[in-house]
Amino acid sequence: MTPWLKPVEPEWTAVLERALGRTVPPEALAVMVARQSRRYLGEDVAIAPADGLAARTMFWFPRDVLKVARAVGELTWAGALPDRPLRVLDLGAGVGATSLGALRALPPTARVASVTAVDHDPAALAILRRVADGARGAGLLPASTPAAHTAVCDLSQPGWGDELGLHDLVLAGLTAVEFTRAHGDEAARGAAIAAFLREAMRRVADDGALVVIEPGSRAESRALHVARAIMLAEGATVFAPCLHALECPMLRTTRDWCHEDLADVALPPWLQGVAKAAGLRWEGLTWSYLVLRRDGRTLRGAMPAETPMRMVSQPSVTKGKTEAWWCGPITGARGDLRVVELDRVAKRAAGVKLRDVARGTLVALEEEGIAEAETEGKALRLDPARWRPVWP
Ligand SMILES: C[S@@+](CC[C@H](N)C(=O)[O-])C[C@H]1O[C@@H](n2cnc3c(N)ncnc32)[C@H](O)[C@@H]1O
């Protein structure tokens, strides 16, 4: 398991069941999950509201609760969350996977002043309140976590945020996709997401952050990065995942999309059979994300003075070499994200090998390492002495 991800504790099952108010046998849950999954993919599939809520609470909560951890981990590592009790706002909160996932991912020293969850589904919000109370009671969240305040609100209507006040950590987990999917092509979807983000940014304190999680599929990730470009052009700061404010290199061809894919993270054991029976993946966790700020602070600014890069692929090990894709400020000029480490060179050097570096890792690359690099095709040939992982 990736070290910065805290595995979902088995105690969550009892908390979620109590919040839902019933126990759903695994076979029945698999049927509900299969139907709800098709709805998430945009299919017009009928599902009883109670069954949809059961699937979301018992299956999607434990699966999706981890997806916000990288963004919160990076904000924490960079010291970029305000040093005061945090006001947390969750947009399209559902049963709470993103806000409660963010609380789980905060360091033990963090204090939380308020948790406000909004959604157009009051039944989901009622479950969220019970999940938060139950998790606090079971010791899965700090005892000081305040009770969640909830508000019913339609986020697709103009002016939805007028009454919501300012918050330090504004979250939107797998929300924008729900009301922007129908907007047509990538450009139209990106513009619709940007309209939502513009309104969400009005709820972010001057030194706070907006964390957006979207599905890791190609169309959804690309639409999020089209929205990134629009928000950048309007003056927002991209804190993460990008370490530059240039055009996203992965939007240049239709082939690529910037997303997270943790191949070594499996569903909690008690849900693996449910996923298999529902025809869903039980290994690997994918999502895309974007963290925006108003104060100009970036993840890049917290990194060492060398050129900041992010590993945006798994390492690919072939005979005699390891290849990977890195993204950073030099990527735009080079026009190629590929880096190569030759085994014969890596073997002789001390330090971390490219093959051992996980997707998403932040890396510092010395300027000399870039200037002196020989190229392998168009890829950058790494000198092991001139780069190092920084986080995690
Ligand atoms: C896929 S769920 C994600 C829930 C939660 N954020 C999470 O991370 O698990 C999407 C949520 O967005 C809510 N939603 C969709 N359209 C909405 C709208 N127009 N206004 C408010 N909430 C909406 C749904 O009710 C649902 O709870």
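Just so it is clear, the model here is predicted, and its values are computed rather than measured. (Residues numbered from 1 in each chain as written. Predicted model: local features only at pLDDT ≥ 70, side-chain atom pairs only at ≥ 80, totals over all residues. Heavy atoms only, no water.)

**Student:** I'd like a description of the overall build of the protein, backed by residues and values.
**Tutor:** Looking only at helices and strands, the protein features 14 helices and 16 strands. Relative to a compact globule of 392 residues, whose C-alpha radius of gyration would be 21 Å, the protein shows 21 Å and is just as compact. With the C-alpha coordinates of the protein rotated into their principal frame, the extents come out at 60 × 45 × 45 Å. Counting across all 392 residues of the protein, residues that qualify as buried make up 55%. Looking at the protein alone, contacts between residues at least 24 apart form 76% of all its contacts between residues at least 6 apart. Of the roughly 16400 Å² of accessible surface on the protein, 53% is carried by carbon and sulfur atoms. Taking the average location of the 48 positive side-chain charges in the protein and that of its 47 negative ones, the two points are 2 Å from each other. (Helix = DSSP H or I, 4+ residues; strand = E, 2+ residues; numbered from the N terminus. Rg over C-alpha atoms; globule rule 2.2 N^0.38 Å. Buried < 20%, exposed > 50% of the residue type's maximum accessible area, 1.4 Å probe, protein only. Contact = heavy atoms within 4.5 Å. Areas by Shrake-Rupley, 256 points an atom, 1.4 Å probe, with all protein chains shown as cover. Lys, Arg positive; Asp, Glu negative; His and termini not counted. Charge placed at Lys NZ, Arg CZ, Asp CG, Glu CD.)

**Student:** Break down the packing of helix α1 (residues 12–20) against helix α6 (residues 122–137) for me, with residues and values.
**Tutor:** Running from amino to carboxyl end, α1 crosses α6 at an angle of 140°, the nearest separation of the two axes being 8 Å. The handedness of the crossing between α1 and α6 is right-handed. Seen from α1, the contacting residues are Trp12, Val15, Leu16, Ala19 and Leu20; seen from α6, they are Ile127, Arg130, Val131, Gly134 and Ala135. Here the contact of α1 with α6 is built from residues that sort into eight nonpolar, one polar and one charged. (Axes fitted to C-alpha atoms, helices over the stretch in contact; angles between N-to-C directions. Left-handed = near helix turned anticlockwise from the far one by under 90°. Nonpolar A, V, L, I, M, F, W, Y, C, P; charged D, E, K, R; others polar.)

**Student:** Outline the packing of aromatic side chains, supporting the account with residue identities and numerical values.
**Tutor:** Within the structure shown, the criterion is met by six aromatic pairs. Between Trp12 and Phe61, the aromatic rings sit 5.2 Å apart at their centres with planes inclined by 40°, giving tilted as the arrangement. Of the two residues, Trp12 sits in helix α1 while Phe61 sits in helix α3 (residues 49–64), which places them 49 residues apart along the sequence. Judged on exposure class, the residue Trp12 and its partner Phe61 are both buried. (Phe/Tyr/Trp six-rings, centres within 6.5 Å; stacked < 30°, edge-to-face > 60°.)

**Student:** Residues and numbers for the domain arrangement of the protein, please.
**Tutor:** The domain boundaries assigned to the protein delineate domain 1 (12–301) and domain 2 (305–391). Spacing between the C-alpha centres of domain 1 and domain 2 amounts to 31 Å. On the domain 2 side, the residues contacting the 19 residues of domain 1 number 18 residues. Of the roughly 1600 Å² buried between domain 1 and domain 2, counting both surfaces, carbon and sulfur atoms make up 63%. At the boundary of domain 1 with domain 2, the tally comes to one salt bridge. Across the salt bridge formed by Glu74 and Arg310, the nearest N and O atoms sit 2.8 Å from each other. For the pair domain 1 and domain 2, the number of links is seven residue pairs in polar contact (both at pLDDT 80 or more). (Domains from an automatic or database assignment. Buried area = accessible area lost by both parts, 1.4 Å probe. Salt bridge = Lys/Arg side-chain N within 4 Å of Asp/Glu carboxyl O. Polar contact = N/O pair within 3.5 Å; in protein donor to acceptor, adjacent residues only side chain to side chain.)

**Student:** Which residues make up helix α10 (residues 269–277), and what are the values?
**Tutor:** All of the buried residues in α10 are Leu271, Gln272, Val274 and Ala275. Those residues of α10 that are buried are in contact with α2 (26–40), α3 and β7 (260–266). Downstream of α10 by one or two residues, Gly279 has phi in the positive range, about 75°.

**Student:** If you had to explain empty space enclosed by the protein to someone new, which residues and values would you point to?
**Tutor:** All chains considered together, the criterion is met by three cavities of 30 Å³ or more. Considering only enclosed or pocket space, the largest cavity measures out at about 110 Å³ in volume. Here the lining of the largest cavity is composed, by residue class, of nine nonpolar, two polar and two charged. Mapped onto the domain boundaries, the lining of the largest cavity takes at least three residues apiece from domain 1 (12–301) and domain 2 (305–391). (1 Å grid on protein atoms, 1.4 Å probe; cavity = no way out; pocket = protein on both sides within 12 Å on 5 of 7 lines; lining within 4 Å. Points joined across faces, edges and corners; volume = space filled by probe spheres on them.)

**Student:** Now, about the site of the ligand: what can you tell me, with residues and values included?
**Tutor:** Around the ligand, the surrounding shell holds 18 residues, and the nearest of these are Arg56, Gly92, Thr98, Asp119 and Gly173. Between Gly92 and the ligand, the recorded distance is 2.7 Å, taken from a backbone N or O atom to a nitrogen atom. In this structure, a nitrogen atom belonging to the ligand sits 2.8 Å away from a main-chain N or O atom of Gly173. Protein contacts shield 93% of the accessible area of the ligand, which totals 590 Å² for the unbound molecule. Of all the secondary structure elements, the ones that give two or more residues to the shell around the ligand are α5 (97–105) and α7 (176–180). Within the shell around the ligand, the residues separate by chemical class into seven nonpolar, six polar and five charged. (Near = heavy atom within 4 Å.)

**Student:** Explain the pattern of salt bridges to me, using residue names and the numbers behind them.
**Tutor:** Taken as a whole and judged by the stated rule, the model has 28 salt bridges. With a shortest N-O distance of 3.0 Å, Arg136 and Asp133 are connected by a salt bridge. In this pair, Arg136 and Asp133 are both assigned in helix α6, three residues apart and thus about one turn of the helix distant. A relative accessible area of 21% means that Arg136 is categorised as partly exposed. Note on Asp133: relative accessible area 37%, which makes it partly exposed. Across the pair Glu366 and Arg386 runs a salt bridge whose closest N-O atoms are separated by 3.1 Å. Taken together, the residues Glu366 in the loop between β13 (362–365) and α14 (367–371) and Arg386 in the loop between β15 (379–381) and β16 (387–391) connect sequence positions 20 residues apart. Taking relative accessible area as the criterion, Glu366 reaches 24% and is therefore assigned partly exposed.

**Student:** Now, about the packing of α1 against α3: what can you tell me, with residues and values included?
**Tutor:** Between α1 and α3, whose axes approach to 10 Å, the crossing angle comes to 160°. With respect to α3, the element α1 is oriented roughly antiparallel. As for the relative orientation of α1 and α3, their crossing is right-handed in sense. Each of Trp12, Thr13, Leu16, Glu17 and Leu20 in α1 lies in contact with α3, whose residues at this interface are Leu53, Ala54, Thr57, Met58, Phe61 and Pro62. Residues that form the contact of α1 with α3 fall into these classes: eight nonpolar, two polar and one charged. (Parallel < 35°, antiparallel > 145°, perpendicular 65-115°, else oblique.)

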